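# Results of the structural survey
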There are 2 protein chains.
Amino acid sequence: MVKQTKPPVAVTPDLCLSTPAPVAGKRVYAFSEGRAEMRELLGGKGANVAEMARLGIPVPPGFVITTETCRDFNTLGQRFPADLQLQVDKALAALEAQSGRKLGDAEDPLLVSVRSGAAISMPGMMDTVLNLGLNDRAVAGLARKSGDVRFAWDAYRRFIQMFGDVVLGIDHALFEEALAEARAERGVAEDTGLTPVDLTRLVDRYKLIVRQATGAEFPQEPEVQLMKAIRAVFMSWESQRARTYRRIEGITGLAGTAVTIQAMVFGNRAGESGTGVVFSRNPVTGERELYGEFLANAQGEDVVAGIRTPEPVAVLKERMPGLYDELTALSDKLEAHYRDMQDIEFTIEQGKLFLLQTRGGKRSARAAVRIATDLVAEGVLTREEALLRVDAMSLDQLLHPTIAPDAKRTVLARGLPASPGAAAGAVVFCADAAEAAAARGDKVILVRRETSPEDVHGMHAAQGVLTATGGMTSHAAVVARGMGKCCVTGAGTLIINEAAETITAPDGTVVKAGDLITLDGGTGEVMLGAVETVLPELGEDVRQLLAWADAVREMKVRANADTPEDAARARDFGAEGIGLCRTEHMFFAPERIRAMREMILAEDEAGRIAALDRLLPYQRADFAGILKEMAGLPVTIRLLDPPLHEFLPQGEGAIAELAGDLKVPVERLKDRLHALHEANPMMGHRGCRLMITYPEIARMQARAITEAASQLAAEGVETAVEVMVPLVGLEGEFNALADVVRDEAAKVEAETGHTLAIKVGTMIELPRACLRAGEIAASAEFFSFGTNDLTQFTFGFSRDDAGKFVPAYRERGLLAHDPFASLDTDGVGDLVAIGVARGRAKRAGLKTGICGEHGGDPASIAFCHGAGLDYVSCSPYRVPVARLAAAQASLKAPRTVLAAAAE
Amino acid sequence: MVKQTKPPVAVTPDLCLSTPAPVAGKRVYAFSEGRAEMRELLGGKGANVAEMARLGIPVPPGFVITTETCRDFNTLGQRFPADLQLQVDKALAALEAQSGRKLGDAEDPLLVSVRSGAAISMPGMMDTVLNLGLNDRAVAGLARKSGDVRFAWDAYRRFIQMFGDVVLGIDHALFEEALAEARAERGVAEDTGLTPVDLTRLVDRYKLIVRQATGAEFPQEPEVQLMKAIRAVFMSWESQRARTYRRIEGITGLAGTAVTIQAMVFGNRAGESGTGVVFSRNPVTGERELYGEFLANAQGEDVVAGIRTPEPVAVLKERMPGLYDELTALSDKLEAHYRDMQDIEFTIEQGKLFLLQTRGGKRSARAAVRIATDLVAEGVLTREEALLRVDAMSLDQLLHPTIAPDAKRTVLARGLPASPGAAAGAVVFCADAAEAAAARGDKVILVRRETSPEDVHGMHAAQGVLTATGGMTSHAAVVARGMGKCCVTGAGTLIINEAAETITAPDGTVVKAGDLITLDGGTGEVMLGAVETVLPELGEDVRQLLAWADAVREMKVRANADTPEDAARARDFGAEGIGLCRTEHMFFAPERIRAMREMILAEDEAGRIAALDRLLPYQRADFAGILKEMAGLPVTIRLLDPPLHEFLPQGEGAIAELAGDLKVPVERLKDRLHALHEANPMMGHRGCRLMITYPEIARMQARAITEAASQLAAEGVETAVEVMVPLVGLEGEFNALADVVRDEAAKVEAETGHTLAIKVGTMIELPRACLRAGEIAASAEFFSFGTNDLTQFTFGFSRDDAGKFVPAYRERGLLAHDPFASLDTDGVGDLVAIGVARGRAKRAGLKTGICGEHGGDPASIAFCHGAGLDYVSCSPYRVPVARLAAAQASLKAPRTVLAAAAE
């Protein structure tokens with residue numbers, strides 16, 4: 001389900017916080033005096049119910065005490081402002097008049113709820129009191145009037161318990177113990193087994209608890225109850241947990257909480273009574289229909305408690321057709337008013353329908369798109385508004401299988417949701433086993449402590465990947481996302497024993513090779529057995545929405561793709577080029593890795609060149625395949641990046657085998673491997689540093705690229721190759737390698753007679769490269785910000801190791817987001833901005849893009865838009881997300897406006 | 001010996017390059033027309049000899065062709081400008097007139113040298129021709145006039161050989177072969193064995209070689225010889241090797257080379273003839289005396305060739321007293337003129353003294369200081385000038401033993417000169433062996449593949465440290481420099497087998513445990529056996545110079561010191577506080593490491609606190625010792641920084657022992673060690689990240705610090721403690737830990753009743769910290785730039801691994817300096833400047849310093865001065881260097897001037 005945090009009435013959040021100027025000294029607003037826009041003054045809940053009342057929707061009557069009163073209360077050292085009591089008295093009198101009942105009345109008492117509610121929702125953080133107004137006299141009146149003695153005494157018992165806990169600060173365990181004793185005395189397991197007489201006795205015990213804890217009687221005067229409850233709500237604003245919540249969520253600038261006092265209505269009275277929830281459209285499919293549930297003769301809490309099972313709301317059509325029609329009409333009215341699908345709580349009290357709350361309904365990604373496009377078709381929304389209604393990130397769900405919503409599951413552990421989708425299969429513990437099983441047609445899940453490039457063929461063969469270590473941007477996560485393959489990483493509570501081929505779960509369950517497990521890459525859950533999954537459809541409505549997005553956005557969207565298959569998929573998803581084609585993955589097929597290893601272990605340049613010559617045809621064919629798929633679109637190819645030891649075998653067996661292959665003594669091979677070992681490989685001999693020491697690698701790759709492009713030119717296929725030098729920190733590094741590439745490309749052009757205009761640029765992924773962007777741009781024809789590595793170096797966080805402390809940082813509120821998932825705009829973003837500014841100062845109109853994992857994250861995409869980048873590049877499966885996110889960024893802050901503001 | 005690159009006449013290099021405007025079209029200058037300031041136009045050599053001529057010093061007459069002529073020559077496609085020939089002809093005629101000889105004359109021929117010389121010296125890069133003017137006629141005249149037939153023909157033979165090689169481009173091996181044949185025919189081993197007749201035949205053979213190689217006769221016309229030689233010198237400016245040299249040395253903006261044509265004089269003629277070199281003061285001790293060597297009846301090249309051994313110049317006093325007095329007078333005159341000690345080449349030709357060259361003499365560090373202070377005492381220099389005359393870095397030599405200059409040595413390998421000084425001792429391969437040997441009073445050299453904190457006690461015990469891996473800022477290097485202990489790192493050609501306890505050198509020599517070796521930490525040489533060393537003295541003149549420096553400098557100088565002994569030494573060297581006291585080294589003593597390991601391996605907070613409580617008294621005592629030594633001065637104490645696994649044992653034996661100690665199963669201990677393993681520890685769970693997850697560590701350290709300071713306060717000892725939080729990247733990290741420290745300090749203050757005003761600040765060592773300096777400075781009371789780590793993260797260079805590619809970068813000219821040795825001002829410096837600016841914008845007058853290895857590097861100190869830092873902190877042995885370098889920075893650019901320029 002999509003979290004729909006957008007306020008229902010307005011498109012921009014700013015609007016919701018703009019409040020009409022309050023009347024001086026006015027602390028209490030009747031519902032009829034309020035409006036949805038008064039959120040800041042009346043809180044979200046108060047403004048919402050006031051808006052419904054204003055629209056003529058039947059809501060239980062009531063009034064709201066303003067957030068400013070809360071602020072004044074706290075400013076005054078937690079004392080009520082002098083002018084509050086009189087205004088509350090007046091509003092209460094009006095409420096009694098409107099409802100025809102009186103608080104504490106012995107015949108037909110008015111009961112009210114007292115609820116907190118700030119301008120921004122803080123679920124569960126502040127207090128609420130229900131059934132207020134009950135006392136020894138009123139409980140009799142309620143019993144008489146409702147004709148249900150048990151209901152009345154149960155309500156009284158609940159009120160004392162809630163008031164005792166929330167307002168009087170009595171340990172709620174005392175009440176729970178008394179309740180448990182009452183059940184024990186009656187010999188029943190459930191509260192529902194208590195008789196009315198039991199409940200009257202329980203009320204006596206509760207009163208005793210209150211007397212013993214506070215030294216005073218439970219207050220019988222409803223007006224005293226009310227003012228004490230208001231005080232408790234105000235005080236809960238400054239409670240430790242509420243303050244902590246606001247700090248963590250970054251909520252600042254609010255005056256306090258409002259207090260909404262509203263007449264209670266009861267769906268559990270005799271006659272046509274009940275309670276339910278409806279959506280104005282189907283929240284799963286988006287279809288236009290009244291959708292929801294109804295529970296006859298019940299209160300809302302009964303639904304929540306799950307004691308009784310509700311029925312589809314359609315049952316009302318037959319049982320109470322008039323009320324059903326009324327509900328349908330109100331639902332339509334609210335949707336039309338708020339111009340969005342609504343989630344409505346209602347109660348029917350003895351044949352009278354009350355709406356308790358309405359809000360923008362949460363919906364699935366599929367429904368969100370359908371509703372948005374339908375609302376455009378219905379003339380309710382403009383295309384632009386529709387684009388802003390869909391959470392860009394949610395589109396990701398539409399491209400991967402997911403766990404069926406109602407599937408039964410036994411969760412073994414929860415790791416990080418590293419790559420979305422769901423997959424079930426038999427457990428295998430090594431890449432070769434995965435490949436063998438896949439060759440037999442079996443579905444497997446590859447389980448590793450962590451993955452390395454040696455595992456890539458196994459990841460390809462598996463349905464999903466599970467690792468015990470690593471974060472959201474670990475090798476497993478990045479590669480799996482690139483493949484669009486489900487992956488759960490960092491499932492640290494699982495003990496993965498690769499040698500014994502077992503997984504031990506915290507509860508002691510042992511999973512062996514061949515046992516079935518299921519991964520949910522959207523939640524990080526690891527489940528026992530094969531759990532049912534559902535397949536996605538990329539419907540016409542999604543294509544429609546993305547077409548509108550394309551018309552609006554100002555940034556291009558490219559994909560990161562290393563194979564012709566990935567390239568084709570990316571193009572199908574709407575990619576306008578490849579922003580990052582990694583060449584190292586091309587070296588892992590068995591016939592290639594051997595040549596690669598020979599190259600690495602060669603004693604001299606001649607030996608390296610001989611091995612590289614054997615790799616050349618493979619690379620040329622790979623490049624030709626990718627360039628053909630992307631005919632006419634730009635393709636950025638990164639030269640070899642990782643440290644050489646990543647290509648070498650690990651483990652005694654593999655080393656002995658390689659030594660045999662290469663006909664060198666095992667000890668000599670081990671010495672060489674030892675020499676290649678690095679203390680901090682991420683900051684070691686990799687990227688362009690490798691090619692500065694071994695320029696023949698760059699030369700081979702430049703030749704393979706240019707020959708591939710020439711070959712396609714001969715076939716009449718248009719190409720636009722951009723060669724990217726990785727990990728440049730010194731302008732001299734770039735210049736030296738750009739010379740090699742340009743020189744080799746010129747040679748091939750001369751040999752083949754095709755002029756290809758290959759561009760040479762660099763990946764900006766070191767802080768120093770951002771600082772020296774001007775000098776680098778003197779020769780570099782484009783910049784692509786590699787924000788994965790830039791994040792690592794700016795923070796000094798190794799993404800392989802950050803799992804040891806980043807979760808604690810998130811918990812403590814030190815990091816609002818995982819900086820590897822969502823770009824750190826304050827730090828890393830500052831460097832990106834410096835890089836763009838300095839680069840463009842030297843080379844006007846320098847083409848800039850981003851090709852880190854952040855290229856598929858909507859918040860990061862919005863940043864890139866603001867920073868003036870020309871494109872973002874992300875994994876193929878994120879391309880639709882990026883198209884929509886880029887459009888949203890343009891709608892929220894068009895570049896023409898940004899440029900004008902900058903002037 | 002100190003490299004004295006300062007030009008002799010002027011204090012600022014800029015001055016030397018400012019040239020009087022040349023006369024339009026004037027391409028040739030007689031010596032009498034030139035001056036020292038015309039370096040850019042006449043080249044260093046030409047300007048220098050012209051200056052001597054102008055002063056009335058007897059120099060062989062001659063003239064100079066300007067550098068601009070060279071530029072024009074190259075601009076014209078390597079053709080002479082039309083107006084050159086006439087000017088050369090005129091100058092030559094004047095030279096002939098002055099010398100009374102004619103070029104090519106059959107009676108008394110003039111011979112000339114034709115030398116290159118640019119404004120900046122490029123030794124050996126460009127060409128020279130000697131004895132020009134000889135031909136078949138002149139050789140007879142020379143023989144007659146000199147009365148030495150052999151000399152004349154040998155000169156002719158040498159001229160043809162040199163001209164053939166340099167001007168005609170003939171492979172010099174052809175001449176060498178002919179010479180070898182001549183020796184073989186005569187049956188002698190040395191050229192001196194050839195008779196005059198042999199030489200006339202050899203000249204014939206040489207002429208044949210020329211004819212065969214060029215198809216033309218050897219040119220007999222002296223004017224043709226001259227113009228061809230000039231052309232050759234001009235062309236050598238654009239030779240591949242000269243261009244490469246200029247690129248690597250960063251020499252740009254020069255017009256070309258000048259050509260100096262000067263009459264030859266001969267010290268090997270009959271009568272009072274000879275050649276020599278003198279210094280106006282003793283270049284080893286600095287004493288005021290004529291110091292040098294003389295070789296009778298010889299040419300300068302004979303001295304260089306080492307065929308004959310020269311005598312002390314004092315022999316002239318008896319043999320040619322008049323000439324000795326003249327030489328002394330000229331030496332004094334030149335020293336007075338240049339206001340610096342001179343290195344003078346002279347030749348005596350038949351009783352006539354000629355000075356060939358004078359320049360600022362190279363001198364030892366000791367001599368440099370003595371000369372500078374003596375020149376002040378003599379009224380020649382001001383104190384400020386004297387401060388600028390001494391290479392700050394050279395003071396480092398004065399504090400360490402060095403290899404005796406003339407000691408015999410067998411060099412096994414050359415590593416990096418990681419920590420200066422020299423040391424000899426028996427080889428040991430582990431820290432415990434080092435400690436045991438030291439306990440027995442034996443001197444040892446600790447040899448390791450690489451060191452870790454576990455080796456620190458062994459490093460303490462050893463005379464010096466040798467490692468096969470690691471760079472200038474590896475663990476071994478940093479710790480050794482801190483200890484002032486000689487260290488050679490990265491001696492990669494040595495195969496160190498720790499298990500077998502052998503070192504195998506490239507030449508096959510095997511050194512075993514107990515064998516003696518000697519290290520030279522100033523050159524990186526590893527030598528077999530015990531080579532003689534000499535001990536330093538920090539003389540009164542050094543103290544005098546440093547006192548002058550202290551009066552001038554605007555930055556404070558602190559030291560990095562971890563023990564009371566280091567602190568005392570630093571204070572003795574003039575440190576004004578401790579800028580970095582690392583606390584982790586305090587945990588390695590045997591009784592402490594066990595508690596540390598228990599802390600790390602504890603299952604919960606209670607277990608950690610119990611172990612930390614045991615460490616507290618040790619830390620408190622350490623801090624008390626250091627604070628007492630630094631009474632009254634600020635001491636910056638860094639909280640625990642390295643990743644925890646650095647404290648844990650490596651190797652099966654040590655692990656088993658620890659498991660026994662801790663009474664846990666070996667397997668469980670191994671699992672824990674595995675869990676602590678990191679892929680990139682430099683970017684892992686360390687620094688403040690450790691204390692965010694385990695705040696009890698910071699709490700213990702804060703308590704130990706505050707209790708130590710309180711204890712001293714009770715004794716009446718004043719302290720100024722600055723607690724430093726390492727590796728902060730997020731303001732929240734700093735705030736959280738500053739809260740812990742301030743809270744604990746306040747508790748201790750309340751307990752003891754001493755108010756200590758402990759400051760809490762942070763180490764700025766992540767790019768993000770520089771960018772977020774404003775937010776961090778909101779709470780941080782000081783910044784200390786940790787430029788070691790900042791360099792690592794800005795470049796993305798692991799200092800442990802950079803040895804794999806940084807040397808290649810240096811060779812290719814991609815890096816002018818090792819960025820770990822000298823601060824990268826363009827990149828890292830830019831971040832430092834951003835950090836200072838943003839920090840001070842938030843907190844006016846924020847105290848800032850630097851505590852990386854760069855704090856002891858003069859170029860980096862100059863940068864820190866310009867960046868407005870308040871202090872630099874370096875290892876104790878670098879404190880004198882830093883005091884002088886800071887003074888030099890202030891003299892070159894006083895901050896008042898910098899501030900005015902910035903406005």
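Residues numbered from 1 in each chain as written. Chains lettered and ligands numbered in written order. Predicted model: local features only at pLDDT ≥ 70, side-chain atom pairs only at ≥ 80, totals over all residues. Heavy atoms only, no water.

### Thoughts on the overall build of chain A
- The secondary structure content of chain A amounts to 35 helices and 33 strands.
- In terms of its C-alpha atoms, chain A occupies a principal-axis envelope of roughly 105 × 65 × 55 Å.
- By residue count, 57% of the 903 residues in chain A fall in the buried class.
- With an accessible surface of roughly 34,900 Å², chain A has 52% of that area assigned to carbon and sulfur atoms.
- Treating the 99 positive side-chain charges of chain A as one cloud and the 122 negative ones as another, the clouds have centres 3 Å apart. (Helix = DSSP H or I, 4+ residues; strand = E, 2+ residues; numbered from the N terminus. Buried < 20%, exposed > 50% of the residue type's maximum accessible area, 1.4 Å probe, protein only. Areas by Shrake-Rupley, 256 points an atom, 1.4 Å probe, with all protein chains shown as cover. Lys, Arg positive; Asp, Glu negative; His and termini not counted. Charge placed at Lys NZ, Arg CZ, Asp CG, Glu CD.)

### Some thoughts on the sheet that holds strand E10 (residues 311-312) of chain A
Residue and element names in this part refer to chain A.
- A sheet is described by the order of its strands in space; here 5 strands give the open sequence E10-E9-E8-E11-E12, paired in antiparallel fashion. Each having just a single partner strand, E10 and strand E12 (352-360) make up the two edges of the open sheet.
- One ladder, built from 6 bridges, connects strand E8 (residues 274-279) with strand E9 (residues 291-296); its direction is antiparallel. Residue Gly-276 lies in a different strand from E9, and its bridge partner there is Phe-294.
- Contacts from helix H13 (residues 321-338) reach E8, strand E11 (342-349) and E12 within the one sheet, and its direction differs from that of E12 by about 30 degrees. (Pairing = 2+ DSSP bridges. Contact = heavy atoms within 4.5 Å. Axes fitted to C-alpha atoms, helices over the stretch in contact; angles between N-to-C directions.)

### A short note on the environment of Thr347(A)
All names here are of chain A.
- Its location among the elements puts Thr-347 in strand E11.
- Spatially, the C-alpha atoms of Thr-347 and Asn-268 are 9.2 Å apart, while their sequence positions differ by 79 residues.
- Excluding anything up to four places from it in sequence, Thr-347 contacts Val-265, Phe-266, Gly-267, Gly-274, Thr-275, Lys-352, Leu-353, Phe-354 and Leu-356.
- Of note is the side chain of Thr-347, whose polar atom sits 3.3 Å from the side chain of Thr-275. (Polar contact = N/O pair within 3.5 Å; in protein donor to acceptor, adjacent residues only side chain to side chain.)

### Things to note about the interface of chain A and chain B
- Facing 49 residues of chain A, the contacting portion of chain B comprises 49 residues.
- Overall, the association of chain A and chain B removes approximately 4,300 Å² of surface from exposure, summing both partners, and the carbon and sulfur fraction of that is 59%.
- The largest contributions to the chain A side of the interface with chain B come from Met683(A), Arg768(A) and Lys804(A), which together make up 15% of the buried area.
- One can count 6 salt bridges joining chain A with chain B.
- Counting across the interface, chain A meets chain B through 32 residue pairs in polar contact (both at pLDDT 80 or more).
- Of all the elements in the fold, those that place two or more residues in the side of chain A that touches chain B are helix H24 (666-676), helix H25 (688-693), helix H27 (731-752), helix H28 (767-771), helix H30 (787-795), helix H31 (806-811) and helix H32 (828-842) of chain A. (Buried area = accessible area lost by both parts, 1.4 Å probe. Salt bridge = Lys/Arg side-chain N within 4 Å of Asp/Glu carboxyl O.)

### Here's the deal with the environment of Ala232(A)
- Within the secondary structure, Ala232(A) sits in helix H9 (residues 222-237).
- Setting aside chain neighbours within four positions, we find Ala232(A) in contact with Asp127(A), Val166(A) and Val167(A).

### Regarding the relation of the copies chain A and chain B
- Laying chain A over chain B is done by rotating through 180 degrees and shifting 0.2 Å along the axis; what remains is an RMSD of 0.3 Å. Between the two chains, the operation in question is that of a two-fold axis. Across chain A, the rotation axis passes nearest the C-alpha of Asn680(A), at a separation of 2.2 Å.
- Mapped onto chain B, 100% of the interface residues of chain A again fall at the interface, so both copies present the same surface. (Least-squares fit on C-alpha atoms with pLDDT ≥ 70 in both.)

### Some details on helix H14 (residues 365-377) of chain B
Residue and element names in this part refer to chain B.
- Under the 1.5 Å per step criterion, the end-to-end length of H14 is 18 Å for 13 residues, consistent within 8% with the ideal 18 Å.
- Counted residue by residue, H14 has 10 buried out of 13 residues, so it is predominantly covered.
- Among all positions of H14, only Ala-365, Ala-367, Ala-368, Val-369, Ile-371, Ala-372, Thr-373, Asp-374, Leu-375 and Val-376 are buried.
- Residues of H14 that are buried in the fold lie against helix H13 (321-338), helix H15 (383-389) and helix H19 (540-552).
- Phi turns positive, to about 80 degrees, at Gly-379, one or two residues after H14. (Expected span 1.5 Å × (residues − 1).)

### Regarding the packing of aromatic side chains
All names here are of chain A.
- With the rule as written, the count across this model stands at 38 aromatic pairs over all chains.
- For the ring pair Phe-279 and Tyr-291, a centre distance of 6.4 Å and an interplane angle of 65 degrees mean the geometry is edge-to-face. Taken together, the residues span a long stretch of sequence, with Phe-279 in strand E8 and Tyr-291 in strand E9 at a distance of 12 residues.
- Ring-pair connections join several aromatic residues into one group, and the members of that group are Phe-795, Phe-797, Phe-805 and Tyr-809.
- Geometry around Phe-354 places Lys-352 over its ring, the cationic atom sitting 4.7 Å from the centre. (Phe/Tyr/Trp six-rings, centres within 6.5 Å; stacked < 30°, edge-to-face > 60°. Lys NZ or Arg CZ within 6 Å of the ring centre and 35° of its normal.)

### What about the pattern of salt bridges?
- Under the criterion given, the structure shown has 142 salt bridges over all chains.
- Across the pair Glu181(B) and Arg205(B) runs a salt bridge, and its minimum N-O distance is 3.0 Å. With a gap of 24 residues between them, Glu181(B) in helix H7 (residues 172-186) and Arg205(B) in helix H8 (residues 196-214) connect regions that are remote in the sequence.
- Residue classification places Glu181(B) among the partly exposed residues on the basis of a relative accessible area of 43%.
- One salt-bridge network, in which partners are shared between bridges, spans Arg620(A), Arg699(A), Arg703(A), Glu707(A), Asp743(A), Glu744(A), Lys747(A) and Glu751(A).

### A short note on unusual backbone geometry
- Unusually for a residue other than glycine, Ala757(A) sits at a positive phi of about 50 degrees.
- Inspection of the secondary structure puts Ala757(A) in the loop between H27 and strand E30 (759-764).
- The backbone of Arg339(B) sits at a positive phi, close to 55 degrees, despite the residue not being glycine.
- Inspection of the secondary structure assignment puts Arg339(B) in the loop between H13 and strand E11 (342-349).
- Classification of Arg339(B) by relative accessible area gives partly exposed; the value is 25%.

That's the geometry; what it means functionally is another story.
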